[in-house]
Amino acid sequence: MIITQERIIVDKVRKDFPILHQEVNGKPLLYLDNAATSQKPIVVLDTLRRYYEQDNSNVHRGAHTLSARATDAYEGARDKVAKFVNAASRQEIVFTRNATEAINLVAYSWGLHNLQPGDEIILSVIEHHSNIVPWQIIAQKTGAVIKYVGLTENEEFDLEQFKSLISQKTKLVSVVHVSNTLGCINPVEQIIAIAHQQGAKVLIDACQSIPHLPINVQAMDCDWLVASGHKMCAPTGIGFLYGKEELLEAMPPFLGGGEMIAEVFLEYSTYGELPHKFEAGTPAIAEAIALGAAVDYLSGLGMENIHAYEEELTAYLFKYLGGIPEVRIYGPQPTADGKGRAALASFAVEGLDSSDIATMLDQEGVAIRSGHHCTQPLHRVLGISGTARASIYFYNTRKEIDAFIVALKETIEFFRTVTD
Ligand code: 7TS
C-alpha cells in the first residue's frame, strides 16, 4: 500500500487507532506527542488480549501446550524484529524493557569489562539522558573519559568536530540516530565507518528513527542498536538490543537469574546460549508478542511509505509553524519537500514558558510535550531551559496540523493580551 495521500490515512489508518477517536476537554483529541510514545493499533491491542485469553503461560519451561504456544509466539516475535532490522541472525536480538535498559546492558556488560583508565567514550550533546547517564556511571567506575560532539551552526551533529575528537584512544562511540529534540538525522553510516577505522565500537540509539525510517543494521554496520517498542506502535515494557553476534557472545551477562542459565551449581553457574544469556527472569511475553504484531503492522504499511508521508507532513508543519513570527524552531530546516529532518518540531515562543503553552493547548484537545525532553545538556547548550515540542506520526493529518496552528496562535494571542 502506498500512503502518499491523506485520504488513505483518514479512511484507513486512523480507523486502526481507537484512542484517536475521542474528545479531550470538549475538543477532538489531537495527539502530537508521538516522540514520547506512539498510539497502538487495534491489531496490537487484539494481540495482547488474545494472548492472555488463549495462550498465557510462561516461556521456555513448560512441557504443556500453552507454554509451547507462548514460547513459539515469543520466539516468533524475535524473528520478526530480526527481519525488521535485517539482523544477520535471531540470536542478535535481545528483548529488554526499553532502550534505556538496552543501553545499560551494553554499558554494564561491555563497558565495565572493556574500558580502562584513559580510554575515551564519544557521545554528543544531543543525546537523551539514557545515552549519557549510563556512560557517566561506567566512566566513573573504569576511569574512562567522556568526550562530547557539539552542534554545527545549523544545530546538527558536528561531524567535523567528531573527526577531530576521535583517535586510537576512542573505544566507544554512542550516538542517537534521530534527535528527539532537534529532529536532526545524524550521518550514522559515516560516524560508524570513521569510528571503525579507529577500532572503536559504535552503539546507535534508534528510538526516534526506527518508528519512522527503514533500518538495516547490516548496511549500517553498527555494533549495537537499541530501540523502545512503545514508540513504534507496541506496548510499553518491551524494547530490544541488536548486537553483532560475536560481540554479544563475548559479553558477560548483565542480570543473573532464571532463563539465562545453562546449569546452576552452588559454587558457580554456566550461562545459556544467545540471546537467552541476556534475558534473565520471566520476560515481558505478551508485550514482546505484541511488538511482533506492531512490526508486522508497520511493515504492512511500508516503512518507505511512512517516511515519505511524514516528509510531506514535515514540510507542511514547518511552513505553518515556522510562519508564526513569535516562534523559533530548533534544529535544521527541512527542504521544501520535507526532507533532511524528522517529523517533529521543538520550539520556543518569545516570552512564554513552554509548559504554559502545552497546558493551554491541552484545553483545546492538543497534546504536545513541554520541558527538556530528557535532553537537559542540549537545552543548556542552546541556552534555554525548555521547549514545546510537536511530534508527528503517520496517523496525523494536515487538518490536525491546521488545528494545532490555530490553537497555538490563539494561545500566543491570549498570553499577549494578558501581559499587555
Ligand atoms: N533515546 C531517545 C532518542 C529517546 O527519544 C528516548 C525517549 C529514549 C532514548 C529513552 O526511551 P525509553 O523508552 O527507554 O524511555 N524519549 C522521550 C521523549 O522524547 N519524550 O518522552 C520520552
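Above this note sits the structure.
Throughout this description, residue numbers start from 1 for each chain and increase along the sequence as written. Local features in this predicted model are restricted to residues of pLDDT 70 or higher, and side-chain atom pairs are both shown and tallied only at a pLDDT of 80 or more, whereas totals for entire chains, interfaces and linings draw on every residue. Working from all heavy atoms in the structure, the side-chain values ignore hydrogens and water.

For every element, the axis is a line fit to its C-alpha atoms; helices are fit only across the contacting stretch, and the angle between N-to-C directions ranges from 0 to 180 degrees. Starting at the N terminus, helices and strands are each numbered in turn, a helix being any DSSP run of H or I of at least four residues and a strand any DSSP run of E of at least two. The geometry of helix H4 (residues 99–114) relative to helix H5 (residues 133–142) is characterised by a closest axis approach of 9 Å and an angle of 15 degrees between their N-to-C directions. In this view, H4 runs roughly parallel relative to H5, as classed from their interaxial angle. Crossing of H4 over H5 shows right-handed handedness. Contacts between H4 and H5 pair Ile103, Asn104, Val106, Ala107, Tyr108, Gly111 and Leu112 from the former with Pro134, Trp135, Ile137, Ile138, Lys141 and Thr142 from the latter. Only Asp, Glu, Lys and Arg are considered charged, only Ala, Val, Leu, Ile, Met, Phe, Trp, Tyr, Cys and Pro nonpolar, and every remaining residue, Gly among them, polar. Residue composition of the contact of H4 with H5, grouped by class: nine nonpolar, three polar and one charged. Each angle receives one of four descriptions, namely roughly parallel if under 35 degrees, roughly antiparallel if over 145, roughly perpendicular if within 65 to 115, and oblique otherwise. Handedness of a crossing is defined here by the sense of rotation of the near helix relative to the far one, left-handed for an anticlockwise turn of less than a right angle and right-handed for a clockwise turn. Contacts are residue-level and defined by heavy atoms, with any inter-residue pair within 4.5 Å sufficient.

This part is about the site of the ligand. We call a residue near a given molecule or strand whenever any one of its heavy atoms falls within 4 Å of it. Of all residues adjacent to the ligand, which total 17 residues, the nearest are Thr100, Asp205, Gln208, Ser228 and Arg369. Polar contact is the term for a pair of N or O atoms within 3.5 Å; when the atoms are in protein, one must be able to donate a hydrogen and the other to accept it, and sequence-neighboring residues count only if both atoms are side-chain atoms. The separation between an oxygen atom of the ligand and a polar side-chain atom of Asn180 is 2.8 Å. Ser228 is positioned such that a nitrogen or oxygen atom in its side chain is 2.6 Å from an oxygen atom of the ligand. Areas reported here follow the Shrake-Rupley algorithm with a probe of radius 1.4 Å; residue values treat only the protein chains shown as occluding. When the ligand is considered free in solution it has 490 Å² of accessible area, and contact with the protein chains removes 89% of it.

Another aspect to go through is empty space enclosed by the protein. Definitions used throughout: a 1 Å grid over protein atoms alone; a cavity as a set of points that fits a 1.4 Å probe which cannot get out; a pocket as an open set with protein on both sides within 12 Å along at least five of seven lines; a lining residue as one with an atom within 4 Å of a point. Grid points are joined across faces, edges and corners, and a volume is the space filled by probe spheres set on the points. Within the structure shown, the criterion is met by two cavities of 30 Å³ or more. Taken as a whole, the largest cavity encloses approximately 90 Å³ of empty space. If you go around the largest cavity, you meet 13 residues; those closest to its centre are His212, His307, Glu310, Ala342 and Ala343. Of the residues belonging to the lining of the largest cavity, the class tally is five nonpolar, five polar and three charged.

Okay, the packing of aromatic side chains next. When the centres of two rings from Phe, Tyr and Trp lie within 6.5 Å, Trp using its six-membered ring, the rings pair. Their planes under 30 degrees apart give stacked, over 60 give edge-to-face, and anything left gives tilted. Applying the stated criterion to the full structure yields 16 aromatic pairs. For the pair Phe414 and Phe415, a centre-to-centre distance of 5.4 Å together with 75 degrees between the ring planes defines the contact as edge-to-face. Accessibility expressed as a relative area gives 39% for Phe414, which makes it partly exposed. A 1.4 Å probe rolled over the protein chains alone gives each residue an accessible area, and that area as a share of the maximum for its type sets the label: buried under 20%, exposed over 50%, partly exposed in between. Residue Phe415 is classed as buried on the basis of its relative accessible area, which comes to 16%. Taken together, the ring pairs connect Phe17, Tyr297, Tyr393, Phe394 and Tyr395 into an aromatic cluster. In our convention, an over-ring charge means Lys NZ or Arg CZ found within 6 Å of a ring centre and within 35 degrees of that ring's normal. A cation over an aromatic ring shows up here: Arg398 above the ring of Tyr316, its NZ or CZ 5.7 Å from the ring centre.

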